[in-house]
Amino acid sequence: MVKAEGPLTTTIDAETWQALHQAAVSAMGRAYAPYSRFPVGAAALVDDGRVITGCNVENSAYGVALCAECGVISELVNGGGGRLVAFACVNARGEAIVPCGRCRQLLSEHGGAALQLAMPQGIMTMDEVLPGAFGPADLDKIKENQ
C-alpha cells in the first residue's frame, strides 16, 4: 500500500490512490451544500495507515462555511493526530479539484512539503502546490531571535 523511502518521500500505489478517491467521493455524497450546490469530499492517508475523510458544510452566513479539507484536519486531530501522507479532493462529478489557498495552508501544516496531492494535472507534492509555505518553523525563527 505505502512504501516509505526516507523521511520526506513515500510511494503511494495506484490502488491506494483509487481507495482515497472513492473515500472522497463517498464523503462528497454527505456534503451539506444547499447554497453553492457545489458538494466537495476529501480523503487523506495518515502516516499510521488510517484513511480520514471530510465534506464541505455550508451555512446561511456564507463566511462560516467549512471546507471538506477542514473536516479532514478536524478528523485527523480528533483521531489522535499524525501526519498526512496523501490527499484527494473531488467535486460532485468525482473529478479531482484543487484545494483553495487557505486549505493548502491547513494541509501543509499537517502534512508538510512531501504531502502528495491528487491534483487535476496529476500527483503533486505540497511543496509544488504551495511553494515556500509558512509553517511552525517560521514561528520558531522569531522565538530564537527574542
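Quick caveat: nothing in here was measured; it's all calculated off a predicted structure.

What about the nonpolar core?
Consideration 1: One finds Ile52, Leu84, Phe87, Leu107, Leu115, Leu117 and Met126 to be the most contacted residues of the largest nonpolar core, which totals 21 residues.
Consideration 2: The set of elements that each furnish at least two residues to this core consists of β3 (41-46), α2 (68-78), β5 (84-90), β6 (116-119) and α4 (126-129).
Consideration 3: No other element matches the four residues that α2 contributes to this core.
Consideration 4: Residues contacting isoleucine 52, with those up to four places away along its chain left out, are Ala42, Ala43, Ala44, Val46, Val72, Glu75, Leu76 and Leu84.

Here's the deal with the confidence of the model for the protein chain
Consideration 1: Per-residue confidence for the protein chain averages 92 on the pLDDT scale, and 92% of its residues sit at or above 70.
Consideration 2: Counting contacts from residues 1-8, a segment whose pLDDT is below 50, to residues more than four positions away or on other chains yields 18 contacts.

Some words on helix α1 (residues 14-28)
Consideration 1: The first and last C-alpha atoms of α1 sit 21 Å apart over 15 residues, in line with the 21 Å expected at 1.5 Å per residue.
Consideration 2: Thr16, Trp17, Leu20, Ala23, Ala24, Ala27 and Met28 are the residues of α1 that are buried. Burial along α1 is one-sided: seen end-on, the buried residues are contained in an arc of 140°. Away from its buried face by more than 90 degrees, α1 exposes Ala14 and Glu15.
Consideration 3: The inward-facing, buried residues of α1 abut β2 (10-12), β3, β4 (51-55), β5, β6 and β7 (122-125).

Brief notes about unusual backbone geometry
Consideration 1: Located in the positive-phi region is arginine 37, a residue other than glycine, with phi close to 55°.
Consideration 2: As for its position among the elements, arginine 37 is in the loop between α1 and β3.
Consideration 3: Judged by relative accessible area, which is 65%, arginine 37 ranks as exposed.

Quick notes on the rules
- Residues numbered from 1 in each chain as written.
- Predicted model: local features only at pLDDT ≥ 70, side-chain atom pairs only at ≥ 80, totals over all residues.
- Heavy atoms only, no water.
- Core = buried A, V, L, I, M, F, W, Y, C linked by side-chain atoms within 4.5 Å.
- Buried < 20%, exposed > 50% of the residue type's maximum accessible area, 1.4 Å probe, protein only.
- Helix = DSSP H or I, 4+ residues; strand = E, 2+ residues; numbered from the N terminus.
- Contact = heavy atoms within 4.5 Å.
- pLDDT = per-residue confidence, 0-100.
- Expected span 1.5 Å × (residues − 1).
- Arc of directions from axis to C-beta.

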